[in-house]
Amino acid sequence: MKEAIGRPPRQLRVCAKLANSDLLIVAQKAAKAGAEVVLERVEKPRTINYKGAIDLVTDTDLASEESILKVVEEAFPGHAILGEEGGVKGDTASEYLWCIDPIDGTTNFAHGYPSFSISVAVLHRTLPVAACVVEFSGGPGIWVTRTYAASRNGGATCNGKPISVSRTHELQRSLLVTGFGYEHDECWDTNMNLLQPGIEQEPALDPVQVTGFGYEHDECWNTNMELFKEFTRTTQGVRRLGSAAVDMCHVASGMAEAYWEYRLKPWDMAAGVLVVEEAGGTVTTLDGRPFSVFERSVLVSNGFVHEAILSRTEPRTAELVKEGIDLSQASAARSLQRVGLQHHLLGRLLERNITTAKDLFARTPLDLVELLDLPYETVQQIRLDVAVRITPAPHTALDLWKQAAERPVHLPSTLTPLDEALHGGIPSGSITELVGPAGLGKTQFCLMLSLVGCLASGADGGTVLYVDTERKFSSKRLSEIGRARFPAELPSQQAVEALLPRVTVVTPDSSAGLMQCLQSLETLVIDHAARLIIVDSIAALARSDYGAGAGPGSTLADRQALLSQQAARLKQLAETFRIPVLVTNQVTTMMRGGEGASAGVGGEGQLTAALGTLWAHAVNTRLVLESFEGTRFLRIAKSPAAPAAAFAYAVTSAGLEILPGIEAPARLLAEGNVVDMAIANEVPYEQAEAFMVE
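Described below are features of the structure shown in this document. These figures come from a predicted structure and were not determined experimentally. (Residues numbered from 1 in each chain as written. Predicted model: local features only at pLDDT ≥ 70, side-chain atom pairs only at ≥ 80, totals over all residues. Heavy atoms only, no water.)

### Some thoughts on the overall build of the protein chain
For the protein chain, the count of helices and strands is 23 helices and 30 strands. Looking at the protein chain as a whole, 54% of its 694 residues are labelled buried. Here the contacts in the protein chain between residues at least 6 apart in sequence split such that 71% fall between residues at least 24 apart. Accessible surface computed for the protein chain: about 28,900 Å², of which carbon and sulfur atoms make up 53%. (Helix = DSSP H or I, 4+ residues; strand = E, 2+ residues; numbered from the N terminus. Buried < 20%, exposed > 50% of the residue type's maximum accessible area, 1.4 Å probe, protein only. Contact = heavy atoms within 4.5 Å. Areas by Shrake-Rupley, 256 points an atom, 1.4 Å probe, with all protein chains shown as cover.)

Below, the structure written as structure tokens:
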């Protein structure tokens, strides 16, 4: 036991990054190998076994997976593999994970009923980068296949020809697809209520939407039934084909407008979601959160009908979460995969739907002995290993210093005087606040820095997570700044468009939604190798939800409590992942009695940063944008490493540009309490048309 406690947790093994196109070649070869096995056996008698009451597996599933594994293992012997039938194989510390479904839609295959497919995808740091789906259609005696393929930033094809999602904008003109799992629970029932057979339909139009019913007949099953009924009533129709990979590929090729389902597994989704994304579609969870293949709900669409569908699925999914149904990535297989259990033990846990530490410790040792069919001593050892590996190890000051030395300490803003004053740029591992009146360039600074964050990541696919609470993010403006500011790195519009997918934008619409978003950011940081987190702005939702006229129950104390939670979460993300967190803040008019009207309201007082003392102490660095005597200045108002300084600047097509030769007035450099420090704004709000958001 003591030896087990002393074992260090497994570390992710960093290997040379492979070209997505090379990975795609192997994915296609592997999928083709599996398809050849299936095609050779599709007309022959099948040997069928049952993993559950109605969840079946055939001898062809096993043979197909064996053929696929042979191709992958020969090409990349050091990669990890997650197969539906064979579980986890290979080096679980690898940055690459292959997700394989040898027959997606086994029930259809067993009955000789189209459609079913072979699905192969490879993930790099949990992000799908190459995928291939071979769809079987037709029927006995006339089987034909379609091969869908995609690589990240390389587009999607069907039988070698480019494909794209449909252009249908109206939900009532759409065709949907869904799926139902083996557990008939509340998610299943909710989905059925969205289908409602027998209800009078709108006149037939032209597009299609697709859905699927999983096999888990519990709360998610019930919820999916509700959704099934509703969408049957409000769209042109809903289909249930029985293969998640095929459903998603049909959305990607424009045959259907959207697909949703609960309780899928990584091998069900990994290939299909990449094909959809590369065909121009949108992918989220059913409650609108950013998607990962380790989530337990998925919504893919052509993008145009996405919000309309989310308006139905989000509240129902929220109800499931309130009832204790965990649909987050934390409940997926990845959690236990990352603790380094032996492959055969991990596979047995996953087969019994024990995918997280929470699942494991929610059961007694005796329950686990019966469920896993393992000796009591083995079960106790598994529990001990997991407990040890999910508990943070202590660090000495020397350990922390060495870790910091291996990572970038600052992210340069590319404003040379500012970077020099801050000893390198925006500091990593802490919160930097950018505060100022409207119209002085806070969002312009955020857009500019998001480009820096992407470019600083080089070719390894790092991203920026951009939380846009004010709906000011503009991809058009981001492209303009990129071309003007970084002509060498982004010499063409094509280069800019290749960079844009690295900026992940999230748009919460309430303070509670923002808090939920911040809670989910850890997953995104890991999945997308995030280099920077931006929140623009932290004040907008707090002031609208808890300001004057917000209604009963919305008190200043409530706001401060929520801000404290948001600040703590942002600091945790910054410190845990050693990345910069940039947050914009608004200004308020400080009256004699404290925080008063918003900026621009007349009366005595001075402009100061909004949100008060608690927030001011939460940020490590405060930068202030202000206007004084017709000139805009960027001021360092608070920094643990830099003296007070201010730099004149202008907003141009390239973002913020420092104006040389203009000294800051002494008033801007006066020392004082950072909480009530005055912010100058002697010109009215202005924003040139060129800088307007989309």
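Continuing now.
### With respect to the sheet that holds strand E23 (residues 581-585)
Here nine strands make up an open sheet; going across it, the order is E21-E20-E22-E23-E19-E27-E28-E29-E30 and the pairing mixed. Each edge of the sheet is formed by a strand with only one pairing partner; in this case those strands are strand E21 (503-506) and strand E30 (655-658). The mean inter-strand angle of the sheet, taken between neighbouring strand axes irrespective of direction, is 25°. (Pairing = 2+ DSSP bridges. Axes fitted to C-alpha atoms, helices over the stretch in contact; angles between N-to-C directions.)

### Considerations on the pairing of strand E5 (residues 96-104)
Burial analysis of E5 places nine of its nine residues in the buried class, which makes it a mostly covered element. Looking at chain direction, strand E3 (residues 80-83) and E5 are connected through four bridges and run parallel. If you follow Ala80 over to E5, its bridge partner there is Leu97.

### Quick notes on the sheet that holds E3
Either a parallel or an antiparallel arrangement is found when strands of a sheet pair, and the pairing is made through backbone hydrogen bonds. Pairing is mixed across the open sheet formed by eight strands, whose spatial order is E4-E3-E5-E6-E7-E8-E9-E10. Taken across any chain shown, the strands that pair with only one partner, and hence form the sheet edges, are strand E4 (87-90) and strand E10 (161-162). Sheet topology note: the strand E6 (residues 116-124)/strand E7 (residues 127-137) ladder contains nine bridges and is antiparallel. Counted as the bridge partner of Ala121 is Ala131 from E7. Sitting on the sheet, helix H2 (residues 20-41) touches E5, E6, E7 and strand E8 (144-151), and the angle it makes with E7 is about 25°. Each of E3, E5, E6, E7, E8 and strand E9 (155-158) touches helix H8 (residues 266-278); the most contacted strand, E7, lies at about 100° to it.

### Quick word on the packing of aromatic side chains
Counting across every chain of the model gives six aromatic pairs. Aromatic pair Phe109 and Phe116: ring centres 5.4 Å apart, planes at 80°, arrangement edge-to-face. For Phe116, a relative accessible area of 0% translates into the label buried. Between Phe116 and Phe136, the ring centres sit 5.1 Å apart and the planes meet at 20°, which makes this aromatic pair stacked. Of this pair, Phe116 sits in strand E6 while Phe136 sits in strand E7, and the two are 20 residues apart along the sequence. (Phe/Tyr/Trp six-rings, centres within 6.5 Å; stacked < 30°, edge-to-face > 60°.)

### Brief notes about the pattern of salt bridges
The tally for this structure, following the rule as stated, stands at 13 salt bridges. We note a salt bridge from Glu230 to Arg312, for which the minimum N-O separation is 3.2 Å. Remark: Arg312 occurs in helix H9 (residues 306-322) and Glu230 occurs in helix H6 (residues 219-234); sequence separation between them is 82 residues. Among the residues examined, Glu230 registers a relative accessible area of 12% and is labelled buried. (Salt bridge = Lys/Arg side-chain N within 4 Å of Asp/Glu carboxyl O.)

### Looking at the pairing of E9
On a regular strand, each side chain points to the face opposite its neighbour's, so the side chains alternate between the two faces of the sheet. In E9, alternate side chains face the same way, and those of Ala156 and Cys158 are buried while those of Gly155 and Thr157 on the opposite face are not. With four bridges connecting them, E8 and E9 associate as antiparallel partners. What sits directly across from Ala150, in E9, is Ala156. Remark: three residues form the turn of the hairpin made by E8 and E9, two consecutive strands paired antiparallel; Asn153 in that turn has positive phi of roughly 65°. In this structure, E9 lies alongside E10, joined through two bridges in antiparallel fashion. Across the sheet, the residue bridging to Cys158 is Lys161, located in E10. Hairpin connection from E9 to E10: two residues lie between these consecutive antiparallel strands, with Asn159 at a positive phi of about 50°.

### Some remarks on the nonpolar core
Taken as a class, soluble globular proteins show a tendency for nonpolar side chains to be buried jointly. The biggest cluster of nonpolar side chains holds 54 residues, and the ones touching the most others in it are Tyr259, Val273, Val298 and Val300. Not counting residues within four places of it along the chain, the set of residues in contact with Val298 comprises Tyr259, Trp260, Glu261, Leu264, Met269, Val273, Val283, Thr284, Thr285, Leu286 and Phe291. Of all hydrophobic cores here, the second largest spans 39 residues; its members include Leu411, Leu434, Phe445 and Val651. (Core = buried A, V, L, I, M, F, W, Y, C linked by side-chain atoms within 4.5 Å.)

### What about unusual backbone geometry?
Of the consecutive residues Pro114 and Ser115, the connecting peptide bond is found in the cis state with omega at 10°. Structurally, the position occupied by Ser115 is in the loop between helix H4 (106-110) and E6. Following Asp536, the chain continues into Ser537 via a peptide bond in cis, with omega recorded as 5°. Along the chain, Ser537 turns up in the loop between strand E22 (530-536) and helix H21 (539-546). Backbone geometry at His423 places phi at a positive 65°, although glycine is not the residue there. Mapped onto the fold, His423 is located in the loop between helix H16 (416-421) and strand E18 (426-427).

### So, helix H11 (residues 343-351)
Looking at H11, one finds that the buried residues are Leu345, Leu346, Gly347, Leu349 and Leu350. Just downstream of H11, Asn353 is the residue with a positive phi angle, here 60°.

### Some details on the environment of Leu521
Position of Leu521 relative to the elements: it lies in helix H20 (residues 511-528). Residue classification places Leu521 among the buried positions, given a relative accessible area of 0%. Each C-alpha atom, one on Leu521 and one on Ile533, is 8.9 Å from the other, the two residues being twelve residues apart in sequence. For Leu521, the residues in contact, after removing those within four places along its chain, are Leu465, Val467, Ile533 and Leu573.

Structural measurements only, silent on function.
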